[in-house]
Amino acid sequence: MGKTIAEKILSNKSGVDAKANDIVVADLDFVMGQDGTSPLAIQAFREMGARRVFDPSRVAMVIDHSAPSPLLGVSELHKQMRDFADEQGICFYDIGDGVCHQLVPEQGHVVPGDLVIGADSHTCTYGAINVFSTGVGSTDLAAGIISGKMWFKVPETIKFVLNGRLPAGVYSKDLILFLIGDVTADGATYMAAEFVGPAIQDLSVEARFTISNMAIEMGAKCGLMEADEKTIAWVKQHSSRPFTPVSADPDAVYAQVKEYDVSNLEPQVASPHTVDNVSPVSAVAGTPVQQGVLGTCTNGRLEDLRIAAGILKGRKIAKGTRLVVAPASRSIYLQAIREGLMEIFVEAGAAVVTPGCGPCVGTHNGVPSDGENVISTANRNFKGRMGNNKAFIYLASPATVAASMLTGRITDPREFIN
Amino acid sequence: MNLKGKAHKFGDDVNTDYIISGRYKFKTLDMKELAKHVMEDLDPEFYSKVTPGDMIVAGRNFGCGSSREQAPLAIINANISAVVAKSFARIFYRNCINTGLPLVECDTDQIDEGDELDLDLQKGILRNVTKGIDIPITPLPKVMLKILSDGGLVEHFKKYGTFNFD
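Thresholds applied
- Residues numbered from 1 in each chain as written.
- Chains lettered and ligands numbered in written order.
- Predicted model: local features only at pLDDT ≥ 70, side-chain atom pairs only at ≥ 80, totals over all residues.
- Helix = DSSP H or I, 4+ residues; strand = E, 2+ residues; numbered from the N terminus.
- Rg over C-alpha atoms; globule rule 2.2 N^0.38 Å.
- Buried ≥ 20, exposed ≤ 12 C-beta atoms within 10 Å, placed from the backbone.
- pLDDT = per-residue confidence, 0-100.
- Domains from an automatic or database assignment.
- Contact = placed C-beta atoms within 7 Å.
- Nonpolar A, V, L, I, M, F, W, Y, C, P; charged D, E, K, R; others polar.
- Pairing = 2+ DSSP bridges.
- Right-handed = clockwise from strand over helix to strand, strands pointing away.
- Axes fitted to C-alpha atoms, helices over the stretch in contact; angles between N-to-C directions.
- Parallel < 35°, antiparallel > 145°, perpendicular 65-115°, else oblique.
- Left-handed = near helix turned anticlockwise from the far one by under 90°.
- Core = buried A, V, L, I, M, F, W, Y, C linked by C-beta atoms within 7 Å.

J.: How do you make sense of the overall build of chain A when you look at a structure like this?
T.: When you go through chain A residue by residue, the secondary structure sums to 16 helices and 18 strands. In terms of overall size, chain A behaves like a compact globule, its C-alpha atoms giving a radius of gyration of 20 Å where 418 residues would be expected to give roughly 22 Å. With the C-alpha coordinates of chain A rotated into their principal frame, the extents come out at 60 × 50 × 40 Å. Here chain A holds 418 residues, and 62% of them are scored as buried.

As structure tokens, then:
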């Protein structure tokens, strides 16, 4: 019987002929932690009696959740990470380098067919380049950096077949929001998701990352795509590691297959306070917004910044609104400066902040006040997510966020796109 | 080992931001301090209501959202003995096993706020003492029972230096 991508990668890495629901111990290609999870992992590493990580070139720590540190307590935790990175000689990314899920693929650490864990729930992002990558907690991270191994329950897979082509003004963010709304926040719990079909092939690799990034918001363990020519070109541009892409067998067994035609999809918005509370933008258009966020591991890539800048160019954000822009990495930031995108944002009235996660996760860089509405390109709108449990978060594409900033109300971006 | 306590009931999709908000968890590794804020955005009085041994009882998808291990650690440090839910988000599930917080999947519609519960993990029985009924629970796979019975993944690694399920 055939195998899914998840079954194949876990079989390859465990040396066992693994099928869904088996439990395997498998070799890891890369292990990552960020500043919200690494300090606890370092503590566990010491308690476990370990001296050295299994392979310093295959371990990264990233300071992105509170970068630069807004508080003394955080500064102490960052220092623990810097000291640990020095001691162990691991890959280390400090403030301003970027968001972990942009850096790991951008810096060439992962390639198709890899098995990766990260102590951050959005580690599923690298599924877009055919990597079985999944989020774990700090103790798993400690066990992973010590042993280079992890135990996994081989997940069943839910396959999303996406036909047609996204219309103008509708993006991969709209597509993944629509799918999460359809299957709900736990529609893929304990499962892997595979995203296939012409609508996926049509997307750039950057746009695909947005989809895999949000697989966790339907409960999925990973959000896998096959490696096509675009993937292979992108990976070769970023990494010198050799790789062998992994495809699903034609007779692979799926827990569920869901098929959609995306040709008539509208821009989508997730309303407070759950990511699966999704509707077409028309259903919430006109809702006043006081703050916008453009960035995050979901939508802080160059293509996202270009789309938003295309709408903001030569215009000003509405009176009574404020827009926080956080590029996903230093290299994206630099390229955006060179292309003149930063000039467009600053002239439009935006506040550009250090590449990082702050505005999304409520650590700093734009905590909303009571009763305010925020429209954000992030991946979570939980109550309290941005640091205030009396604020309301709407999730949308970079285009919808940019358009909404111009009017001060949730706005269909197609009004600004010819 | 039997765990006994009363039920504190919550709904579906309780995410890790509700269990312990990001506005606290990035600041400190002091779990006793974090525990004071556990479930605060859903019930500001929660921490003061708990008697040691009490259980959190919830609906579907408990612990969805971020991978923060501070979520189970804050629950443990708030003196909760176990979490009982219809289903769990997978990272939270792993984190509970790894930190030694027992968790049980069952039909929680048979439990109301304040019901007295008696959990025997070895035998796999959850008794609702108030209602006088036994509720069937999904047994934990061997690998997870092994880590839990070692006292969590840190203790497992202290003992074996790597994963050992033989």
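J.: Honestly, the overall build of chain B in this entry has me stumped. Any pointers?
T.: Scanning chain B from terminus to terminus reveals eight helices and seven strands. In terms of C-alpha radius of gyration, chain B reaches 15 Å, essentially the compact-globule figure of 15 Å for 166 residues. Along the longest, intermediate and shortest principal axes, the C-alpha atoms of chain B span 45 × 40 × 25 Å. Put simply, chain B has 166 residues, and 51% of those count as buried.

J.: Teacher, can you tell me more about the confidence of the model for chain B here?
T.: Should the pLDDT be low somewhere, the predicted coordinates at that spot are not to be read in detail. Residues and elements named next belong to chain B. Within chain B, residue pLDDT values average 92, and 98% of them lie at 70 or more. The secondary-structure element of chain B with the lowest mean pLDDT is helix 2 (residues 22-25), recorded at 74, while strand 2 (residues 55-58) shows the highest, at 98. Model confidence for the complex: the whole-complex pTM is 0.94, and ipTM, which rates the interface, is 0.90.

J.: Even after reading the chapter, I still don't get the domain arrangement of chain A, so can you show me in this structure?
T.: Much of the literature gives interface size as the accessible area that the parts lose upon coming together. All names here are of chain A. You can read the domains of chain A as domain 1 (22-151), domain 2 (155-241 + 251-265) and domain 3 (269-412). Placing a centre on the C-alpha atoms of domain 1 and another on those of domain 2 gives a separation of 24 Å. With 18 residues of domain 1 at the contact, the number on the domain 2 side is 23 residues. At the level of secondary structure, the elements contributing two or more residues to the side of domain 1 that touches domain 2 comprise helix 4 (100-106) and strand 6 (132-135). In terms of residue count, the dominant contributor to the side of domain 1 that touches domain 2 is strand 6 (four residues). Partitioning the side of domain 1 that touches domain 2 into residue classes produces seven nonpolar, ten polar and one charged.

J.: What is the right way to read the interface of chain A and chain B from this model?
T.: Across the contact, 47 residues belong to chain A and 36 residues belong to chain B. Per element, the largest residue contribution to the side of chain A that touches chain B is six residues, and it comes from helix 5 (residues 138-147) of chain A. Residues that form the side of chain A that touches chain B fall into these classes: 17 nonpolar, 21 polar and nine charged.

J.: Looking at this model, I keep getting lost on the pairing of strand 8 (residues 157-163) of chain A. Mind explaining?
T.: On a regular strand, one side chain projects to one face of the sheet and the next to the other, so that they alternate. Residue and element names in this part refer to chain A. For strand 8, a buried count of five out of seven residues is recorded, marking the element as mostly surrounded by other parts of the structure. Relative to strand 9 (residues 192-196), strand 8 runs parallel, the two sharing five bridges. Looking across to strand 9, one finds that phenylalanine 160 is bridged to phenylalanine 195. Remark: the strand 8/helix 6 (residues 172-183)/strand 9 crossover connection has right-handed handedness.

J.: I would appreciate a short explanation of the packing of helix 5 (residues 70-77) of chain B against helix 6 (residues 90-99) of chain B in the present structure.
T.: Axes are the key here: two packed helices are described by the angle between their axes and the distance separating the axes. Residue and element names in this part refer to chain B. With their axes 8 Å apart at the nearest point, helix 5 and helix 6 run at an angle of 50° to one another. Classified by the angle between their axes, helix 5 and helix 6 sit oblique to one another. Taken as a pair, helix 5 and helix 6 cross one another with a handedness that is right-handed. Counting all contacts with helix 5, which are made through Ala71, Pro72, Leu73 and Ile76, the residues of helix 6 involved are Phe92, Asn95, Cys96 and Thr99. For the contact of helix 5 with helix 6, the residue count by class is six nonpolar, two polar and no charged.

J.: What should I look at first to understand the sheet that holds strand 8 of chain A in this one?
T.: Paired through their backbone hydrogen bonds, the strands of a sheet run either parallel or antiparallel. Residue and element names in this part refer to chain A. Strand order across the open sheet formed by four strands is 10-9-8-11, with parallel pairing between neighbours. Each edge of the open sheet is held by one strand with a lone partner, namely strand 10 (222-224) and strand 11 (256-261). Each strand of the sheet is rotated relative to its neighbour by a mean of 20°, with strand direction disregarded. Judged from the three bridges that link them, strand 9 and strand 10 form a sheet pairing that is parallel. Each residue of the ladder has a partner; that of alanine 192, found in strand 10, is cysteine 222. Together, strand 8, strand 9 and strand 10 form the strand contacts of helix 1 (residues 5-14), whose direction differs from that of strand 10 by roughly 105°.

J.: In this structure, what is going on with the sheet that holds strand 3 (residues 82-85) of chain B? I would like to understand it.
T.: All names here are of chain B. Taken in spatial order, the seven strands of this open sheet run 4-3-2-1-5-6-7, and their pairing is mixed. The open sheet terminates on both sides in strands that have one partner only, identified here as strand 4 (103-105) and strand 7 (133-136). Neighbour to neighbour, the strand axes of the sheet diverge by 30° on average, direction disregarded. Bridge count for strand 1 (residues 2-9) against strand 2 is three bridges, and the pairing is parallel. Within the sheet, the bridge partner assigned to histidine 8 lies in strand 2 and is isoleucine 56.

J.: How should helix 5 of chain A be read in this particular structure?
T.: Helical geometry: 3.6 residues make up each α-helical turn, so side chains three or four residues apart lie on a common side. Residues and elements named next belong to chain A. Of all the ten residues making up helix 5, ten are buried; the element is thus mostly covered by neighbouring parts of the structure. Those residues of helix 5 lying buried are Ser138, Thr139, Asp140, Leu141, Ala142, Ala143, Gly144, Ile145, Ile146 and Ser147. Positive phi appears at glycine 148, one or two residues downstream of helix 5, with a value of about 70°.

J.: So what exactly am I meant to see when it comes to the environment of Thr139(A) here?
T.: Tracing the backbone through its elements, the reader meets Thr139(A) in helix 5. Sequence separation between Thr139(A) and Met48(A) is 91 residues, and the spatial gap between their C-alpha atoms is 9.7 Å. Setting aside its immediate chain neighbours within four residues, Thr139(A) contacts Ala44(A), Glu69(B), Asn98(B), Thr99(B), Leu153(B) and Val154(B).

J.: Any chance you could explain the pairing of strand 6 (residues 125-128) of chain B here in plain terms?
T.: Residues and elements named next belong to chain B. Summarising the sheet, strand 5 (residues 116-120) and strand 6 pair through four bridges and their orientation is antiparallel. Opposite aspartate 120, over in strand 6, you have isoleucine 125 as the bridge partner. Remark: four residues form the turn of the hairpin made by strand 5 and strand 6, two consecutive strands paired antiparallel; glycine 124 in that turn has positive phi of roughly 70°. What sits between the antiparallel neighbours strand 6 and strand 7 is a turn of four residues, in which glycine 132 has the positive phi angle 70°.

J.: What should I look at first to understand the nonpolar core in this one?
T.: Within the largest apolar cluster, 197 residues are counted, with the highest numbers of intra-cluster contacts made by Ala193(A), Ala220(A), Ala308(A), Ala74(B), Ile75(B) and Val83(B). Sequence-distant contacts of Ala308(A), that is, excluding residues within four places in its chain, are made with Leu294(A), Pro398(A), Ala399(A), Val401(A) and Ala402(A).

J.: Would you mind showing me how to read the environment of His37(B) here?
T.: Residue and element names in this part refer to chain B. Mapping histidine 37 onto the fold places it in the loop between helix 3 (31-35) and helix 4 (46-49). Considered as a pair, histidine 37 and histidine 8 are 29 residues apart in the sequence and their alpha carbons are 16 Å apart. Those residues within four positions of histidine 37 in sequence are excluded, and the remaining contacts are Ile20, Ser21 and Tyr24.

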